[in-house]
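Summary of the model geometry
Read off the chains here:
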Amino acid sequence: MKLDVTRYPAMVERLADANAFVEACAGRFGLDEGKQFGALLALEEAFVNICRYAYPDSSGEVEVACGREGGSFVLEIADWGSPFDVLSLPEPDITLDIIERPIGGLGIHFIRVMTDCVSYRREDGRNVLRMEFAAAA
Amino acid sequence: MDFQARKEANATVITLAGRLDAVTAPEYERRVQELVNGGDSRFVVDFDGLSYISSAGLRGLLVMAKLLKTKGGQVRFANVKGAVKEVFAISGFNALFGMDESVAAALETLS
């Protein structure tokens, strides 16, 4: 099935717009409250990563696509930056204390934990992060 | 995000509502810095009205905790619940901070 697609300038200030788009889409799908929270958290982490790192020397766009595929709610987030697989980042050490804790690095951890399935592909000059959330059984 | 600060006898209580995310976390960090610059060093943060937190929000809390460590200050969190509590759990943040069931309990622990 075709996903609903919207593009935004890659600016953190546009997160609320992307959030409203995905929230409405998840609502139409009937995603339960917990999974919806997870999807919106994963959206923020991916969206903000793109805003901060995908276009170091220029401005660019983020494409957000979401909708139903089979029994799952699918959320795809794409950018036109240099090839980069965010899933290649190492897992953070979540046992370090306040002084040792690095500031940052948790975003990709949240994406991994909140999704039922997550994958990266390079397609038509874009980095595409695909996240799937299974409907409640 | 809504950020309210009030002085109690032994600490400053910060009451949060709404979303602590990449858009609002910089304001949180700035407001905390202002309070610390003004001499406050003991805090209770009330999460009762907070519905959402992301890694950027946790970053703001970590910045606060590191700042207070260097000043010999303290912070405790009250009413962390629901989805926000889940985010604390999957990031290990529940082990980093003193957590209490209510603002009154947090104030008592600080005294």
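What comes next concerns the included structure.

Definitions and cut-offs
Residues numbered from 1 in each chain as written. Chains lettered and ligands numbered in written order. Predicted model: local features only at pLDDT ≥ 70, side-chain atom pairs only at ≥ 80, totals over all residues. Helix = DSSP H or I, 4+ residues; strand = E, 2+ residues; numbered from the N terminus. Rg over C-alpha atoms; globule rule 2.2 N^0.38 Å. Buried ≥ 20, exposed ≤ 12 C-beta atoms within 10 Å, placed from the backbone. Contact = placed C-beta atoms within 7 Å. Pairing = 2+ DSSP bridges. Axes fitted to C-alpha atoms, helices over the stretch in contact; angles between N-to-C directions. Nonpolar A, V, L, I, M, F, W, Y, C, P; charged D, E, K, R; others polar. Right-handed = clockwise from strand over helix to strand, strands pointing away. Parallel < 35°, antiparallel > 145°, perpendicular 65-115°, else oblique. Left-handed = near helix turned anticlockwise from the far one by under 90°.

1. Brief notes about the overall build of chain B
- On a plain count of helices and strands, chain B comes out with four helices and five strands.
- Scanning chain B from its N terminus toward the C terminus, one meets helices and strands in the order β-β-α-β-α-β-α-β-α.
- Over its C-alpha trace chain B gives a radius of gyration of 13 Å, about what one expects of a compact globule, namely 13 Å for 111 residues.
- Projected onto its principal axes, the C-alpha coordinates of chain B cover approximately 30 × 25 × 25 Å.
- Scored against the burial criterion, the 111 residues of chain B give a buried share of 42%.
- Long-range pairs, those at least 24 residues apart, make up 76% of the contacts in chain B between residues at least 6 apart in sequence.

2. Section: the sheet that holds strand S5 (residues 98-100) of chain B
All names here are of chain B.
- Read across the open sheet, the five strands follow the order S1-S2-S3-S4-S5; overall the sheet is mixed. Each edge of the open sheet carries a strand with a single partner, namely strand S1 (2-7) and S5. Shown here is a sheet whose adjacent strand axes are inclined to one another by a mean of 25°, direction ignored.
- Direction of pairing for strand S3 (residues 42-53) relative to strand S4 (residues 74-78): parallel, over a ladder of five bridges. Its bridge partner lying in S4, Arg 42 is registered against Gln 74.
- Set on the sheet, helix H2 (residues 55-70) makes contact with strand S2 (12-20), S3 and S4; between it and S4 the angle comes to about 145°.

3. Describing unusual backbone geometry
- In this model, A:Asp124 sits at a positive phi of 50°, which is unusual for a non-glycine residue.
- Take A:Asp124: it is sitting in the loop between strand S4 (117-123) and strand S5 (126-134).
- On the basis of neighbour counts, which here come to 7 C-beta atoms within 10 Å, the residue A:Asp124 falls in the exposed class.
- Of note in the backbone geometry, B:Asn79 takes a positive phi value of approximately 60° without being a glycine.
- Tracing the chain through its elements places B:Asn79 in the loop between S4 and helix H3 (82-91).

4. Considering the interface of chain A and chain B
- Taken together, the contact between chain A and chain B spans 21 residues of the former and 18 residues of the latter.
- Breaking the side of chain A that touches chain B down by element, the ones donating at least two residues are helix H1 (15-29), helix H2 (33-54) and helix H3 (107-114) of chain A.
- Within the side of chain A that touches chain B, the residues separate by chemical class into 13 nonpolar, three polar and five charged.

5. Observations regarding the pairing of S2(B)
Residue and element names in this part refer to chain B.
- Across six bridges, the pairing between S1 and S2 is antiparallel. Bridge pairing links Lys 7 to Thr 12 in S2.
- Joining the antiparallel neighbours S1 and S2 is a turn of four residues.
- As paired strands, S2 and S3 are joined by eight bridges and run parallel to one another. Bridge pairing in S3 links Thr 12 to Phe 43.
- Assessed by its sense of winding, the connection that carries the chain from S2 through helix H1 (residues 25-37) to S3 is right-handed.

6. Overview of the pairing of S5(A)
All names here are of chain A.
- The side-chain alternation of S5 yields one buried face, formed by Asn 127, Leu 129, Met 131 and Phe 133, and one unburied face, formed by Arg 126, Val 128, Arg 130, Glu 132 and Ala 134.
- Relative to S5, strand S3 (residues 72-79) runs antiparallel, the two being bridged by eight bridges. Following the sheet pairing, Ser 72 is matched in S5 by Ala 134.
- Alignment of S4 against S5, held across seven bridges, turns out to be antiparallel. Bridge pairing in S5 links Arg 122 to Asn 127.

7. Some points on the packing of H1(B) against H2(B)
All names here are of chain B.
- Between H1 and H2, the shortest axis-to-axis distance is 8 Å and the interhelical angle comes to 15°. Viewed along their axes, H1 and H2 adopt a mutual orientation that is roughly parallel. The crossing of H1 and H2 is right-handed. Residues Ala 25, Tyr 28, Glu 29, Val 32 and Val 36 of H1 touch H2, and the partners they reach there are Ala 56, Gly 57, Arg 59, Gly 60, Val 63, Met 64 and Leu 67.
- Residues that form the contact of H1 with H2 fall into these classes: eight nonpolar, two polar and two charged.

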